[in-house]
Amino acid sequence: MISSVLPTYNRAPLAFVRGAGSWLETADGTRYLDLGAGIAVNALGHAAPELVETLTQQAGKLWHVSNLYQIPEQQALADMLVEKTFADTVFFTNSGTEAAELAFKMARKYHYAKGHPERVEFIAFEGAFHGRSTAAIAASGSEKMVKGFGPLMPGFHQVPFGDLDAVKALVGDTTAAIILEPIQGEGGIRPAPDAFLKALRELCDETGTLLIFDEVQCGMGRTGRLFAHEWAGVTPDIMMVAKGIGGGFPLGAVLATENAASGMVAGTHGSTYGGNPLGCAVGARVMQIVSDPAFLAAVNAKGGFLRQKLEGLVAAHLDIFEGVRGQGLMLGLKCKVAPTDVVAAAYDQHLLTVPAADNVLRLLPALDISDADMAEAVARLDAAATALEPKQA
Ligand SMILES: *Cc1c(COP(=O)(O)O)cnc(C)c1O
């Protein structure tokens, strides 16, 4: 008999009843060290006091009003994002998938409004993940996400990640935009080289193509910059944000330049819940904390600390691990065994990690995780790897 919750997830037999910082607790009081952070969502850990304060204060005042009215909390968060990024304008959503939908619509509408209705195609990359709407699965092209769901939304093409020649061969006068994650998350913590991002920007400028960055996972301080593309010094025309921006409250956004957003006039897009006062109040508090240069410097230092410890772990378990990759606190351990086996062995050590494609184990801790908790996590990974090693004769 089907479970009352639609069985689209292979869930671990673990249920948590409370959390604090980087720790989660089950009903019987067992504590788990969380290096997944709800897949890069709990940017400030669980039950961060500042966010609890903001959320409860706002909850006592106003949760929801329609976008038919001014929403000062939404305005304040948009102003902060515009001030701190390339963007001139922001639309709020409740998820990354909804942000992807608007990014695609905005790109097509841009060309339509400029007199080029034929520019409707998107170039995306193998290993990409942009969400699970019909357009987002067409963009990723991944077999397990598209198979059986009928005709794919037309206009999406995939080329190998990092393959500039393949992009150049495909880009043409029907291309609307190129979309990519500056660091692929689900694809296995695969960073796009800076030179590749620069070359894509140049190609887009030459051909009048829009560049869309999906920073749903790698953005909001995760890599030690507010947004990952800042490392390469390359800005997009449109950017998708979600996950970390709400610190655990469902919130997403599309950021865009004035030019890229020029087709989106009144009546062309909307959302009932997007930009509600409760979510935006929390998002503004997250932004205030995460965009502080001192906070971002600390993320860099923590990332360096964890990476160094992980290099040591790899050297100690060369039959289990192959290497470390990623940036800041978006790190991947390339495995020689199935990463799901490492995740399971880590559960035995009461440590939470996340598998990804390309045989990678993802480590996406809270951005304010302590050095002591990182050291403890690596000790637990060490024990997990030891348990997986073939017994010596
Ligand atoms: C998680 C994710 C999405 C989808 O976000 P949802 O909030 O799950 O809809 C899109 N792009 C990237 C890069 C992601 O990591």
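Bear in mind that the values here come from a model prediction, so they are computed numbers and not experimental data. (Residues numbered from 1 in each chain as written. Predicted model: local features only at pLDDT ≥ 70, side-chain atom pairs only at ≥ 80, totals over all residues. Heavy atoms only, no water.)

Novice: Give me the lowdown on the sheet that holds strand β2 (residues 23-26), citing residues and values where you can.
Specialist: Sheet architecture is open: four strands sit in the order β1-β2-β3-β15, paired in mixed fashion. Across the chains shown, the open sheet's two edge strands, defined by having one partner strand only, are β1 (16-20) and β15 (351-352). One ladder, built from three bridges, connects β2 with strand β3 (residues 31-34); its direction is antiparallel. Bridge assignment links Glu25 to a residue of β3, and that residue is Arg31. Strands in contact with helix α12 (residues 371-388) are β2, β3 and β15; relative to β3, the strand with the most contacts, it is inclined by about 105°. (Pairing = 2+ DSSP bridges. Helix = DSSP H or I, 4+ residues; strand = E, 2+ residues; numbered from the N terminus. Contact = heavy atoms within 4.5 Å. Axes fitted to C-alpha atoms, helices over the stretch in contact; angles between N-to-C directions.)

Novice: Please set out the pattern of salt bridges residue by residue, giving values where relevant.
Specialist: A side chain of one charge can pair with a side chain of the opposite charge if their charged atoms are brought near each other. Under the definition given, this model contains 10 salt bridges. One salt bridge in this structure joins Arg18 and Glu25, with 3.3 Å as the shortest N-O distance. Classification of Glu25 by relative accessible area gives partly exposed; the value is 23%. Among the salt bridges present, the one from Arg380 reaches Glu376, with a minimum N-O distance of 2.7 Å. Linking Arg380 with Glu376, this pair stays in helix α12, spanning four residues, or about one helical turn. Residue classification places Glu376 among the partly exposed positions, given a relative accessible area of 31%. (Salt bridge = Lys/Arg side-chain N within 4 Å of Asp/Glu carboxyl O. Buried < 20%, exposed > 50% of the residue type's maximum accessible area, 1.4 Å probe, protein only.)

Novice: Which residues make up helix α10 (residues 293-316), and what values do they have?
Specialist: Relative to the 34 Å expected for 24 residues at 1.5 Å per residue, α10 spans 35 Å between its end C-alpha atoms, a close match to the ideal helical length. Among all positions of α10, only Phe295, Leu296, Val299, Lys302, Gly303, Leu306, Leu310, Leu313 and Val314 are buried. Packed against the buried residues of α10 are α9 (277-290), β13 (321-327), β14 (330-335), β17 (360-363) and α12. For α10, the side-chain oxygen to backbone nitrogen distance between the N-cap and Ala294 is 2.9 Å, and the N-cap itself is Asp292. (Expected span 1.5 Å × (residues − 1). Polar contact = N/O pair within 3.5 Å; in protein donor to acceptor, adjacent residues only side chain to side chain.)

Novice: Residues and numbers for the sheet that holds strand β10 (residues 210-214), please.
Specialist: The strands that make up a sheet pair up through hydrogen bonds in the backbone, lying either parallel or antiparallel. Read from one edge of the open sheet, seven strands run β4-β12-β11-β10-β7-β5-β6, paired in mixed fashion. Each end of this open sheet is capped by a strand with a single partner; those strands are β4 (89-93) and β6 (156-159). Neighbour-to-neighbour, the strand axes of the sheet open up by a mean angle of 20°, direction not taken into account. Two strands pair when backbone bridges link them, and β10 and strand β11 (residues 238-241) are joined in this way by three bridges, in the parallel orientation. The partner of Phe213 across the bridge, within β11, is Met239.

Novice: Before we move on, can you summarise the site of the ligand with the specific residues and values?
Specialist: The environment of the ligand is formed by Ser95, Gly96, Thr97, Phe129, His130, Gly131, Glu181, Asp214, Val216, Gln217 and Lys243. Within the backbone of Phe129, one N or O atom sits 3.2 Å away from a nitrogen atom of the ligand. If the ligand stood free it would expose 380 Å²; the protein chains cover 85% of that surface. A class-by-class count of the residues in the shell around the ligand yields two nonpolar, six polar and three charged. (Near = heavy atom within 4 Å. Areas by Shrake-Rupley, 256 points an atom, 1.4 Å probe, with all protein chains shown as cover. Nonpolar A, V, L, I, M, F, W, Y, C, P; charged D, E, K, R; others polar.)

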